[in-house]
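So the chains spell out like this:
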Amino acid sequence: MHSIKFLHQDIHDEGSLKNMVSELLSQMGLDEKIGQMSQLCGSGGWIPDHLADAIRAGRVGSVLNEVDLDTVNELQRLAVEESRLGIPLLNGRDVIHGFKTILPIPLGQAASWDPTIISEGARISAVEAASAGVNWTFAPMIDITRDPRWGRIAESLGEDPYLCSVLGSAMIKGFQGADLDENGSIAACAKHFAGYGAAEGGRDYNTANIPENEMRNVHLRPFKAAVDADAATFMSAFCDLNGVPASGNSWLMDQILRQEWEYDGFVVSDWESIVEMTVHGFTGDDEQAALEAVNAGIDMEMASSTYRDHLENLVAAGKVDLKQIDKMVSRILELKFKLGLFRDPYTNPENYPELLNESHLQIAKEAAVKSCVLLQNKNRVLPLKKTALNSVALIGPLADDGYEQMGTWVFDGDEANSISCLSAIKELAGSELEINYAKGIESTRYKDQDGFAEAVQAAEKSDTVIMVLGEESFMSGEAHSRANIDLPGQQEELINAIATTGKPIVLVVLAGRPLTLDKVVDKVDAILYAWHPGTMGGPAIADLIFGVESPSGKLPVTFPKAVGQIPIYYATKNTGRPPSDESCIQMDDVPARAPQTSLGMASFHLDAGYKPLFPFGHGLSYGEFHYVKITTSRSHIALGESIDIAVDLINTGERQAEEVVQLYVRDLVGNVTRPIKELKGFKRIKLNPGQRERVSFSLHTDDLAFYDRNMQLITEPGQFHVWIGGNSEAPLWAEFEVHE
Ligand code: BGC
């Protein structure tokens, strides 16, 4: 038993850490080393014999999906006291957006554009999970995705590499704290490395074909940021990338991750993704799969057992170098030391604050408030004024459903702890207003209209209608992609029915992705997009609707009008024939038997144009923000210098509100074509009514760097345009030049 021996060693001293690891390694047999590289699934509250035996034999380095505390402590006891070398276990769990206190889904959190609240949210998730013996989460997911059909967009931080890098890093810091050894810190896992978000057709697990230049300029950037944020681990993706499955992809795992980025954490495969390389048709059998994975650089195998079954033979046959195994095991052991597991492998819940405590709930509520995006607000129907109303109707299958509002990837949350819109609105306004609740339809997918009459009646006898519609939680997340992303079931029809009453309609959407709302935007007055907002979704939405809070979320992903526009994202290329309002003809304006014409020779869809329904970065508030007087500190800068770009932000509205001010840049001429806009900075600014503030960003020429056609990271001299505004289509711009 080695735990005692390492008790007094300094895990913060790089030298002594390396010594401890190599001392331990020197005592390990090959079977024990392979054991450290193997992760087995727990059974949820009990320990099957095969698992206990494997742990005793030193054949398990990690378990996942065990959160019953007594069981976790017993698993650790078996490892520490009954295995020859007493090496504690890593215990992994998908704590994706909360443990018991459920935060908004990650895509919702990303809509906050607020690294501070994201970090705080990750921290409380870590603390709660750690109290159940979890020491490793498989988050954040930082796959760039530009396809809302893909169910896993819910778990992502959206379409933009810069936003995703900043927010993903904030999440990592929250999970890992200032020190992994600190009480409540758990190891993070940057996933899924890499390219998974580009699954063809938005169909999960599908192949991804991404040119190297796009990999480097878009998909890899958040992962590089995760390395810089000290993410303890990485996870390989399920997909094959340009023909090579990520779990056997040495370009990704070795050349990029180890050689170029000098990453020293470890890489775990995704669930059975090593054996699945044979299903991909990349390897012939499990042994070959193990060989490809280990030689590519997958340090730990999740769930399947190709390492345990084949690595010893592969080493004996000289196909796998023992030195490679030693390096991999060292990385795993190093994390165990850094987490303080050798000093204390057990979890004592008394060392942790209560689950779902008041401060955790407040953080979850703040995250939900900041995540909601006010997409439209015709006639300023929101916020509702209690004093000006007698009654409101609350309609929809998601208005009172604590389960569905938690969203995808919730293993440990409990609907009993969720506060729904109905409860929260009653609590906030029930004593002053009559609340007429009608579900309208049983579920978001329900096919009948038998509840419509009751819902219309509720609307008729109320001054204003709030409809809470959207998707159930199972409609997004892993393996839950959709080909049509309209409001499912009879929900559009329900809106139509309610619209006939002529009452003002506030539509609240709970969903795991952008939905195509083109057919409903004109039928409703306000749209508050709340994603799946988690435990405190109801109180957050109630506060926003009644103006206790002002909305401040901004879209982290473009909202298409129609599925056929996908992929649609703001950082698109210009093409040789860019569309414009003039060039974009509409199908309905073209006469029958139209002749061949050169009209509209531009890049657009005849039936959908070229614009999204709502652009990236869009989001309204109860303030009225205006941007004026954009200036640059200089007109020319040399490579290596910085420039300041500033704007005056004015709130001419009648109440205090927060605005996310966004900075975009375009590099006009590049060695490879450059996006028409790229986000380079953002700031949350709170202004009182009538207040004016100068908001300034500093941009270094390194911030303008991109990978050129030779895959070199360069900043090219030349002309740049720069915009500051409240979304990616904001018009206020300036220019500057970069010279040698
Ligand atoms: C998912 C991962 C997850 C893992 C462990 C896989 O199916 O792709 O994101 O972390 O399971 O649950």
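For the structure, see preceding data.
Heads up: these notes are all about the structure in this document. No experiment lies behind these values; they were computed from the predicted model shown.

Procedures and definitions
- Residues numbered from 1 in each chain as written.
- Predicted model: local features only at pLDDT ≥ 70, side-chain atom pairs only at ≥ 80, totals over all residues.
- Heavy atoms only, no water.
- Buried < 20%, exposed > 50% of the residue type's maximum accessible area, 1.4 Å probe, protein only.
- Helix = DSSP H or I, 4+ residues; strand = E, 2+ residues; numbered from the N terminus.
- Pairing = 2+ DSSP bridges.
- Right-handed = clockwise from strand over helix to strand, strands pointing away.
- Near = heavy atom within 4 Å.
- Polar contact = N/O pair within 3.5 Å; in protein donor to acceptor, adjacent residues only side chain to side chain.
- Nonpolar A, V, L, I, M, F, W, Y, C, P; charged D, E, K, R; others polar.
- Axes fitted to C-alpha atoms, helices over the stretch in contact; angles between N-to-C directions.
- Contact = heavy atoms within 4.5 Å.
- Core = buried A, V, L, I, M, F, W, Y, C linked by side-chain atoms within 4.5 Å.
- Phe/Tyr/Trp six-rings, centres within 6.5 Å; stacked < 30°, edge-to-face > 60°.
- Lys NZ or Arg CZ within 6 Å of the ring centre and 35° of its normal.
- Salt bridge = Lys/Arg side-chain N within 4 Å of Asp/Glu carboxyl O.

### Some details on the pairing of strand S21 (residues 678-687)
Of all 10 residues in S21, eight are buried; the element is thus mostly enclosed. One ladder, built from nine bridges, connects strand S20 (residues 657-667) with S21; its direction is antiparallel. Bridge assignment links Val661 to a residue of S21, and that residue is Lys683.

### Some thoughts on the pairing of strand S12 (residues 391-395)
Burial of S12 is extensive: five of the five residues sit out of reach of the surface. Here S12 pairs with strand S13 (residues 434-438) via five bridges, running parallel. Looking across to S13, one finds that Val392 is bridged to Ile435. The parallel pair S12 and S13, bridged by helix H17 (residues 421-429), forms a crossover whose chirality is right-handed. Taken together, the four bridges between S12 and strand S14 (residues 464-470) define a ladder with parallel strand orientation. Counterpart to Leu394 in the pairing with S14 is Ile466.

### A look at the site of the ligand
Around the ligand sit 13 residues, and of these Asp94, Arg152, Lys191, His192 and Asp270 come closest. For the ligand, an oxygen atom lies 2.8 Å from a polar atom in the side chain of Lys191. In this structure, an oxygen atom belonging to the ligand sits 2.8 Å away from a side-chain N or O atom of Glu478. The class makeup of the residues in the shell around the ligand is seven nonpolar, one polar and five charged.

### Quick look at the sheet that holds strand S6 (residues 233-236)
The parallel open sheet is built from three strands, whose spatial order is S5-S6-S9. What marks the edges here is a single partner per strand, and that holds for strand S5 (189-193) and strand S9 (266-268). When strand polarity is set aside, the average angle formed by the axes of neighbouring strands in this sheet is 30 degrees. Taken together, the three bridges between S6 and S9 define a ladder with parallel strand orientation. Paired with Thr233 across the strands is Phe266, a residue of S9.

### Here we look at the sheet that holds S14
What the six strands build is an open sheet, ordered S11-S16-S15-S14-S12-S13; its pairing is mixed. Two strands close off the open sheet at either side, each with one partner strand: strand S11 (373-377) and S13. Each adjacent strand pair in this sheet contributes to an overall mean axis angle of 15 degrees, direction not counted. Sitting on the sheet, helix H19 (residues 491-499) is in contact with S12, S14 and strand S15 (505-510), with an inclination near 175 degrees to S14.

### Thoughts on helix H20 (residues 537-545)
Across the nine residues of H20, nine count as buried, placing the element largely inside the fold. Taken together, the buried positions of H20 are occupied by Gly537, Gly538, Pro539, Ala540, Ile541, Ala542, Asp543, Leu544 and Ile545. On the buried face of H20, the contacting elements are helix H16 (358-371), H17, S14, S15 and strand S16 (526-529). Residue Gly547 follows H20 closely and has a positive phi angle near 80 degrees.

### As for the nonpolar core
Ranked by internal contacts, the top residues of the largest apolar core, which has 121 residues, are Phe193, Phe234 and Tyr307. For this core, the leading source of residues is helix H7 (residues 115-130), giving eight residues. Not counting residues up to four positions away in its chain, the partners in contact with Phe193 are Leu220, Phe223, Phe234, Met235, Ser236, Ala237, Ala246, Leu252, Met253, Ile256, Leu257 and Trp261. Residues Ala154, Val373, Ala497 and Leu613 belong to the second largest nonpolar core, which totals 41 residues.

### Quick word on the packing of aromatic side chains
Evaluated as defined, the whole model comprises 22 aromatic pairs. Centroid distance Phe193 to Trp261: 5.9 Å. Interplanar angle 50 degrees. Geometry classified as tilted. Here Phe193 is found in strand S5, whereas its partner Trp261 is found in the loop between helix H11 (250-260) and S9, with 68 residues between them in sequence. We note that Phe193, like Trp261, is buried. When the ring of Tyr529 is compared with that of Trp531, the centres are 4.8 Å apart and the planes differ by 75 degrees; the resulting orientation is edge-to-face. The class of Tyr529 is buried, set by a relative accessible area of 0%. Following the ring pairs from residue to residue traces out a cluster consisting of Trp113, Tyr162, Tyr570, Phe616, Tyr664 and Phe682. A cation over an aromatic ring shows up here: Lys100 above the ring of Phe99, its NZ or CZ 5.7 Å from the ring centre.

### A word on the environment of Ile637
Among the secondary structure elements, Ile637 is positioned in strand S18 (residues 636-638). Judged by its relative accessible area of 1%, Ile637 falls in the buried class. Along the chain, Ile637 and Thr701 lie 64 residues apart, while their C-alpha atoms are 8.2 Å from each other.

### Description of the pattern of salt bridges
Within this structure, the stated rule accounts for 44 salt bridges. In this structure, the salt-bridge partner of Glu32 is Arg84, at a minimum N-O distance of 2.7 Å. One end of the pair, Glu32, is in helix H3 (residues 30-36); the other, Arg84, is in the loop between helix H5 (69-82) and strand S3 (90-93), and 52 residues separate them in sequence. The partner of Asp667 in a salt bridge is Arg674, and the shortest N-O contact between them spans 3.9 Å. Residue classification places Asp667 among the buried residues on the basis of a relative accessible area of 5%. Overall, the relative accessible area of 8% leaves Arg674 in the buried class.

### Section: unusual backbone geometry
Excluding glycine, residues mostly carry a negative phi; peptide bonds, for their part, are mostly trans. Going from Lys191 to His192, the amide bond is cis rather than trans, its omega being 0 degrees. Among the structural elements, His192 can be located in strand S5. Pro383 follows Leu382 through a cis peptide bond whose omega is -5 degrees. Structurally, the position occupied by Pro383 is in the loop between S11 and S12. Positive phi outside glycine occurs at Glu272, with the angle close to 55 degrees. Secondary-structure assignment places Glu272 in the loop between S9 and helix H12 (276-280). When its relative accessible area of 31% is taken as the criterion, Glu272 is described as partly exposed. Look at Trp531: it is not a glycine, yet its phi comes out positive at around 55 degrees. Its location among the elements puts Trp531 in the loop between S16 and H20.

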